[in-house]
Amino acid sequence: MAAEARLVLAGGGHSHALVLRMWAMNQQRPAAWITLVSRHSTTLYSGMVPGLVAGLYEPAACAIDLRRLCLLAGVTFVQAEITAIDTEGRELALAGRPNLRWDWLSLDVGAETSAVTHAAMAVKPLEPFLLWCSQPKSGSVRIRGGGAAAVEVALALRARGQQPRLQLRGSQLNLGSKAANQLGQQLLESAGISIEANCPDDAAADLACTGSRGPRWLTASGLACNGEGRLLTEASLQVWRQPRLFASGDCGVIASRPRPASGVWAVRCAQTLAHNLKAVVAGRELKPWQPQRWALQLLGDGSKPRPQAVAFWGPWALGPSPLLWRWKQAVDRRFMAGFSELKAMGPDGGAAMACRGCAAKLAASPLQDALARNGLGGGTPGSAEDAAVIAQTADGSLLLQSVDGFPALVADAWLNARLTTLHACSDLWASGAQVESLQAVVTLPELATALQADLLSDTLAGIQSVLQPLGARLIGGHSLEARDSQSNPANPAGLSLVLSVNGRAPAGRHWGKGPLRSGDGLVLCRPIGTGVLFAAAMAGAAQPQWIDAALAQMQQCQASLVELLSRRGCRACTDVTGFGLLGHLGEMLAASPENCHVTLAAAAIPALLGALSLLSAGWASSLAPSNASALVLLEERIQLQGQTDAAHQALLIDPQTCGPLLAAIPGDQLAAALSDLQQAGFGEAAVIGRVHT
């Protein structure tokens, strides 16, 4: 049965992460099209952040991979900053992209530090604070605050070798009880951390741990909030007078059972939230959440080599003790294992999942065969240009046309359309042309009409995000509905996009794939490795920061390279896409004299972060085995220079989506071309080979 409503999870806090985990484990998802929108692709587990600050943990040990979690749970992941909420229009405003419509909305957007004065760094949001922690500091660090967060951060910074000082607004710590305050003071004194009581509000501080409040865009929404800017909810976690809205974690509080902001409450309410989200979509009765009176707090001191911890529960306090630290570690690691152990297939286990994006293209062999049978291309794809000249105007400029597209690489329709458009335009850029217009064929999965309208609108907006800065136009197209009732919202089999792109090359500037000339240098304009990265990401083997970096590069427009390469005497050019670097270099050689050869420096080929590590571990795109037929070129017209391991050789045949341009530049212009590329934002461009006869 096709989904008829859109459920949006706003924020990747602990409650939402646990709800996604439940759905990933038992697939008992609401009968809706579900989207998670988060500012970051990972969320940090708050219980381990002090240990991260102290240097006891690596960042990866504390981070939950939201993109992977969504894939496993059958949920669309959208990485974006939320800037406002419109409850009447049922939309979330997102920075730099269209609004996100919702029928049901769950908010778990965390909090920000309140009462930040002067130039003090706020401890929340966590990401800027952690970056601040990683920077070298001299002298003492003045920390404003006296709660549990301030004490833990002070102890963690002391374990890091810094000299923190705690500034209290009142006369004592604020840890919830007299016993906890005494124990907290004992920990601070043992660590040599001074406490300054009754500091004036305008006292200068370096770091603010002064409690938290809801994000300002949330408090400006007009929704019912308490004095801390947290949304007031019913026991069902529904926002007051807003039955279609839910709130949990640090941004929400049950009005009749107020509790302080704490990761404990966010974790404990997750099961009720998961039940109620499914129930509300189905029109069934919701159940109330009854939070416990007290929450157990375990605070570690981060000291080395024998860390200790204390335990607070209501009016009682215990510790410090190394046993409590080991208990805290066991609790934290068990929590994180609940996410990391949601394993997908390894490189040697089970049937491989077919790759998407340009890695879903037809292999070279059947393409060559079909072209040959029909007299199109003389038996090799290199005999025909990807962007065809269709006319010449009176001023001598050439009109070109190309077509490209693929099944959705990512579930986010807007981002997928942006990537597909940049990928399709690269055929024209590699021909020396600029894009003028485009037509689109959009295939959507079977869904309710309102959801199809959402996906189509997001797709068109993603296309426009590329075209508008170029002064190009979307002039028409066609829409289709897939006949696949089993499409998965996290990687929808029914969503695909094909684009026909039109452009113009001025008189005298039209590049083919060849001919290459002796003395030319081959310039690769940016790193490669998207094929293996996204293949591994489907199985949960790619680190989230690797995918973040790849997507950031893939969204970089290459239109500016046309003028840059032309100015440096570009002779021939291609874009490196599905057939990989070696396959597309083979096309350039096929368009060149038979005595033309290339010396390729494999070690000079820039790789995206994580790509070589994954290739070394045996990961590969599902198209890579077909691309391996191009390795025969290494025995004929391409010579690899220097020592080459298996990973670097596998990189040569890795299929690319939104891949780089590969340009032949005269030898005397190479240094200037690289300098131009650096200034244009292509800092990892490299000369990877030389042409000789």
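Everything numeric here is computed off the predicted structure, so don't read it as measured data.

Observations regarding the overall build of the protein
- Helices and strands together make up the secondary structure of the protein, namely 22 helices and 34 strands.
- Relative to a compact globule of 693 residues, whose C-alpha radius of gyration would be 26 Å, the protein shows 28 Å and is just as compact.
- Over its C-alpha atoms, taken along the principal directions, the protein stretches across nearly 85 × 55 × 50 Å.
- Here the protein holds 693 residues, and the buried ones make up 55% of them.

Examining the packing of aromatic side chains
- This structure, assessed with the given rule, holds six aromatic pairs.
- In this structure an aromatic cluster arises from ring pairing among Tyr45, Phe335 and Phe339.
- Positioned above the aromatic ring of Trp132 is the side chain of Lys137, whose terminal nitrogen or guanidinium carbon lies 4.1 Å from the ring centre.
- The ring centre of Trp104 lies 4.2 Å from the NZ or CZ of Arg244, which sits over that ring.

Details of the confidence of the model for the protein
- Here the protein averages 91 in pLDDT, and 95% of its residues register 70 or above.
- Predicted confidence is poor over residues 378-383, with pLDDT under 50, and the contacts of this stretch with residues over four places away or in other chains come to ten contacts.

A closer look at the sheet that holds strand β25 (residues 398-407)
- Across the sheet, five strands lie side by side as β24-β25-β28-β26-β27; this open sheet has mixed pairing. In this open sheet, the two edge strands, each paired with only one partner strand, are β24 (388-392) and β27 (473-481). Direction aside, the axes of adjacent strands within the sheet are offset by 20° on average.
- In this sheet, strand β28 (residues 496-505) lies alongside strand β26 (residues 434-444) in antiparallel orientation, the contact comprising nine bridges. Bridging across to β28, Gln434 finds its partner in Arg504.

Considerations on the environment of Gln79
- Within the secondary structure, Gln79 is located in strand β5 (residues 76-79).
- Residue class for Gln79 comes out partly exposed when judged on its relative accessible area of 35%.
- If sequence neighbours within four positions are ignored, Gln79 has contacts with Ser38, Arg39, His40, Ser41, Arg67, Arg97 and Asp548.
- For Gln79, the side chain forms a polar contact with the side chain of Arg67, separated by 3.2 Å.

Observations regarding the packing of helix α1 (residues 14-26) against helix α4 (residues 66-73)
- One way to put it is that α1 packs onto α4 with a least axis distance of 8 Å and a crossing angle of 35°. Crossing angle aside, the handedness with which α1 passes α4 is left-handed. Where α1 approaches α4, its residues Ala17, Leu20, Arg21, Trp23 and Ala24 are matched on the opposing element by Leu69, Cys70, Leu72 and Ala73.
- Taken together, the residues that form the contact of α1 with α4 break down as eight nonpolar, no polar and one charged.

Quick word on helix α16 (residues 544-554)
- Looking only at α16, the buried set comprises Pro544, Trp546, Ile547, Ala550, Leu551, Gln553 and Met554.
- Those residues of α16 that are buried lie in contact with β3 (42-44), β4 (63-65), α4, α13 (413-429), α15 (530-538) and α19 (611-616).

A few points about the sheet that holds strand β23 (residues 316-321)
- Pairing is antiparallel in the open sheet, where three strands are placed in the order β21-β22-β23. Two strands in the sheet have a free side with no partner beyond their single neighbour: β21 (297-300) and β23. Across the sheet, the mean angle from the axis of one strand to that of its neighbour is 15°, orientation sign disregarded.
- Taken together, the four bridges between β21 and strand β22 (residues 309-313) define a ladder with antiparallel strand orientation. Note that in β22 the partner of Gln297 across the bridge is Phe312.
- Across the sheet, helix α7 (residues 178-190) is in contact with β22 and β23; its angle to β23 comes to roughly 20°.
- In the packing of helix α11 (residues 322-340) onto the sheet, the strands contacted are β21, β22 and β23, and the crossing angle to β23 comes to about 100°.

Comments concerning the state of the cysteines
- One pass over the structure, following the stated rule, counts zero disulfides.
- Unpaired in this structure, Cys269 has its nearest cysteine sulfur neighbour in Cys251, at a distance of 9.6 Å.
- Unpaired in this structure, Cys557 has its nearest cysteine sulfur neighbour in Cys425, at a distance of 7.3 Å.
- Given a relative accessible area of 26%, Cys557 falls into the partly exposed group.

What to know about the pattern of salt bridges
- For the structure shown, the criterion picks out 22 salt bridges.
- Where Asp250 meets Lys124, a salt bridge forms, and the shortest distance between an N and an O atom there is 3.0 Å. Of the two residues, Asp250 is situated in the loop between β19 (242-247) and β20 (252-254) and Lys124 in the loop between β11 (121-122) and α5 (126-134); the sequence distance between them amounts to 126 residues.
- In this structure, Arg504 and Glu436 form a salt bridge, with 2.8 Å as the shortest nitrogen-oxygen distance. A residue pair is termed long-range when its members are at least 10 positions apart, and Arg504 in strand β28 and Glu436 in strand β26 qualify at 68 residues.
- Exposure remark for Arg504: the relative accessible area of 30% places this residue in the partly exposed category.
- Using a relative accessible area of 33% as the deciding quantity, one classes Glu436 as partly exposed.
- By sharing partners, the salt bridges in this structure join Arg6, Arg101, Asp103 and Asp454 into a single network.

Here's the deal with a nonpolar patch on the surface
- Residues Leu296, Trp313, Trp316 and Trp327 make up a contiguous nonpolar surface patch of roughly 440 Å² in combined accessible area.
- Structurally, Trp327 is set in helix α11.

Details of the nonpolar core
- Counting 101 residues, the largest nonpolar core has Leu516 and Leu565 as the members making the most contacts within it.
- No other element matches the ten residues that α13 contributes to this core.
- Look past the residues within four positions of Leu516 in its chain and what remains in contact with it is Leu522, Ala572, Met588, Leu589, Ser592, Pro593, Cys596, Val598, Ala664 and Val691.
- In this structure, Val19, Leu36, Phe77 and Val281 belong to the second largest nonpolar core, which totals 81 residues.

Concerning the environment of Ala111
- Along the chain, the position of Ala111 falls in the loop between β9 (104-107) and β10 (112-113).
- Judged by its relative accessible area of 13%, Ala111 is buried.
- Excluding residues within four positions of it along the chain, Ala111 makes contact with Lys124, Ser212, Arg213, Pro215 and Asp250.

Some words on the packing of α13 against helix α14 (residues 449-470)
- Following both chains from N to C, one finds α13 and α14 inclined at 40°, their axes separated by 7 Å at the closest point. As far as their axial angle goes, α14 and α13 are oblique. Crossing angle aside, the handedness with which α13 passes α14 is right-handed. Counted together, Ala413, Trp414, Ala417, Arg418, Thr421, Leu422 and Trp429 of α13 and Leu455, Asp458, Thr459, Ala461, Gly462, Ile463, Ser465, Val466, Leu467 and Leu470 of α14 form the full contact between these two elements.

What counts as what
Residues numbered from 1 in each chain as written. Predicted model: local features only at pLDDT ≥ 70, side-chain atom pairs only at ≥ 80, totals over all residues. Heavy atoms only, no water. Helix = DSSP H or I, 4+ residues; strand = E, 2+ residues; numbered from the N terminus. Rg over C-alpha atoms; globule rule 2.2 N^0.38 Å. Buried < 20%, exposed > 50% of the residue type's maximum accessible area, 1.4 Å probe, protein only. Phe/Tyr/Trp six-rings, centres within 6.5 Å; stacked < 30°, edge-to-face > 60°. Lys NZ or Arg CZ within 6 Å of the ring centre and 35° of its normal. pLDDT = per-residue confidence, 0-100. Contact = heavy atoms within 4.5 Å. Pairing = 2+ DSSP bridges. Axes fitted to C-alpha atoms, helices over the stretch in contact; angles between N-to-C directions. Polar contact = N/O pair within 3.5 Å; in protein donor to acceptor, adjacent residues only side chain to side chain. Left-handed = near helix turned anticlockwise from the far one by under 90°. Nonpolar A, V, L, I, M, F, W, Y, C, P; charged D, E, K, R; others polar. Disulfide = S-S within 2.5 Å. Salt bridge = Lys/Arg side-chain N within 4 Å of Asp/Glu carboxyl O. Patch = residues over 30% accessible without salt bridge, like charges linked within 9 Å, V, L, I, M, F, W, Y side chains within 5 Å. Areas by Shrake-Rupley, 256 points an atom, 1.4 Å probe, with all protein chains shown as cover. Core = buried A, V, L, I, M, F, W, Y, C linked by side-chain atoms within 4.5 Å. Parallel < 35°, antiparallel > 145°, perpendicular 65-115°, else oblique.

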